[in-house]
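Commentary on secondary and tertiary structure
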Amino acid sequence: MIRLDRVSKQYPDGTVAVRELSLDVRRGEIVTLVGPSGCGKTTTMKMVNRLIEPTSGRIFIDGRDVTDADPVELRRGIGYVIQNVGLFPHRTIEQNIATVPDLLGWPRSRRRERVVELMNLVGLDPAVHGPRFPHELSGGQRQRVGVARALAADPPVLLMDEPFSAVDPVVRAQLQDEFLRLQDEVRKTILFVTHDIEEAVRLGDRTAVFAQGGRLQQYDTPAAILGTPATDFVADFVGADRGLKRLSVTPVTQDDLEHPPVVHLDDDLRSAGAAMATSRWAVVLDADGGLAGWIGRDMTEGHGTVRDHARRMEAWVELDDSLKVAFGEMLQWNAGWIAVLDKRSRYLGVLTPLTLHAALRRSVEADAQQVQASDIELETVQDA
């Protein structure tokens, strides 16, 4: 969808911002550009919509050489989101979102429908927030408006220049979650500039790591960059704790799960105790296969049903959540295990600290050997 072919940018004083950069971005993927200040990542992005003109090389969008296009028309077909949003302070939120459709001559009714659609999509109430002005919204809300405005004319390409860096960490995490949810719905081709390696690996389908002077050091999946840095520069940039960072890009899979005994709410205590003959506890499910809690073997003495003695279980994640989310749940609830559910809240198995660590090891080894994680057999202390 986006292709940079040996693109360079050199300023009149001789400073090289980007050097002989070749990069392909597939349709519908998020590519994050990351590196230290002054490494050329923002310059690279701005050359795509020709806010900065390349010194040499060619840039293609959907097969079209953008260096031959009219710059103004080009920009109207590319969504652009910046750090401080850049909303027009004298225009309402509705008017800000409708800026590009207005310039393109859309009928008023169509502009209004699009504004309402996008405000709902980014989680803002059109009736409440639409008539307001930017200064009446929080930083996180203004950033949502910026995303909505960039999507207004339904551009195939979206450029985002550190869009979440001006908000506090809690709001930033919320915006990242919303951004990923939104991408699942709209499937745009996105170049996303950030200086934060954790944000880069969390959001990117692929990540490009730049060094000073606009030199591309590695272009790969986030997991590969964290697991097998291509250069010493990349290894230093992602940090010695890259194993911990990798937790955020490694999903929980079926292969990671353990399967302790399972009982149901309406089981009698005697049968529940028998099911736990080789275990000190069991997972308790409801009639629909949903997680209802847990019960210990020492709680099955006497009469009655599991329902009368089961303990509620708060620690759970969904399949495909990251290992970082799972680890956080373990720490928050001080849990020796957490349940894993599918998208319909049905129980699948449990994740323990041991299986979480094994999942991380499999992911690293899979990248190193260039095979699927499910093909990796780990050697344990017991095997030695």
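Just above sits the structure.
Since the structure is predicted, the reported quantities are computational estimates derived from the model, not experimental observations. (Residues numbered from 1 in each chain as written. Predicted model: local features only at pLDDT ≥ 70, side-chain atom pairs only at ≥ 80, totals over all residues. Heavy atoms only, no water.)

Points about the layout of surface pockets
Take a probe with the size of a water molecule and roll it over the atoms, and the empty space left behind shows itself. By volume, the largest pocket is sized at about 1,200 Å³. Forming the boundary of the largest pocket are 38 residues, of which Leu180, Arg202, Leu203, Ser248 and Ser322 lie nearest the centre. Within the residue set of the lining of the largest pocket, elements represented by two or more residues are α8 (169-186), α9 (197-203), α10 (222-227), α12 (242-246) and α14 (323-333). With nine residues, the single largest contributor to the lining of the largest pocket is α8. Of the residues contributing to the lining of the largest pocket, the split by class is 14 nonpolar, eight polar and 16 charged. (1 Å grid on protein atoms, 1.4 Å probe; cavity = no way out; pocket = protein on both sides within 12 Å on 5 of 7 lines; lining within 4 Å. Points joined across faces, edges and corners; volume = space filled by probe spheres on them. Helix = DSSP H or I, 4+ residues; strand = E, 2+ residues; numbered from the N terminus. Nonpolar A, V, L, I, M, F, W, Y, C, P; charged D, E, K, R; others polar.)

Points about the side chain of Glu329
Locating Glu329 in the fold gives a position in helix α14. With no salt bridge to any partner, buried Glu329 finds its closest opposite charge in Arg312, at an N-O distance of 11 Å. (Buried < 20%, exposed > 50% of the residue type's maximum accessible area, 1.4 Å probe, protein only. Lys, Arg positive; Asp, Glu negative; His and termini not counted. Salt bridge = Lys/Arg side-chain N within 4 Å of Asp/Glu carboxyl O.)

Digging into the sheet that holds strand β14 (residues 316-318)
Read across the open sheet, the three strands follow the order β14-β15-β16; overall the sheet is mixed. Each of the sheet's edge strands pairs with one partner strand only, and the pair in question is β14 and β16 (347-351). Averaged over all neighbouring strand pairs, the angle between strand axes comes to 30°, with direction disregarded. Where β14 and strand β15 (residues 338-341) come together, three bridges link them in parallel fashion. Note on β15: the bridge partner recorded for Val317 is Val340. The sheet contacts of α14 involve β14, β15 and β16, and relative to β14 the element is tilted by about 165°. (Pairing = 2+ DSSP bridges. Axes fitted to C-alpha atoms, helices over the stretch in contact; angles between N-to-C directions. Contact = heavy atoms within 4.5 Å.)

Side note on the sheet that holds strand β6 (residues 78-82)
Pairing between sheet strands relies on hydrogen bonds along the backbone, with the strands arranged either parallel or antiparallel. In space, the six strands of this open sheet follow the order β6-β7-β8-β3-β9-β10, with mixed pairing throughout. Across the chains shown, the open sheet's two edge strands, defined by having one partner strand only, are β6 and β10 (215-220). The mean inter-strand angle of the sheet, taken between neighbouring strand axes irrespective of direction, is 15°. Both β6 and strand β7 (residues 157-161) contribute to a ladder of five bridges, which runs parallel. For Tyr80, the partnering residue across the bridge sits in β7 and is Leu159.

Considerations on empty space enclosed by the protein
Scanning all chains against the criterion turns up two cavities of 30 Å³ or more. What the largest cavity holds in volume is close to 100 Å³. Every residue lining the largest cavity is listed: Leu121, Val122, Gln143, Arg144, Val147, Phe164, Leu175, Glu178, Phe179, Arg181 and Leu182. If you list the elements that add at least two residues to the lining of the largest cavity, you get α7 (139-151) and α8. In terms of residue count, α8 provides more of the lining of the largest cavity than any other element does, five residues in total. Its residues placed into classes, the lining of the largest cavity shows seven nonpolar, one polar and three charged. Roughly 30 Å³ of internal volume is contained in the second largest cavity.

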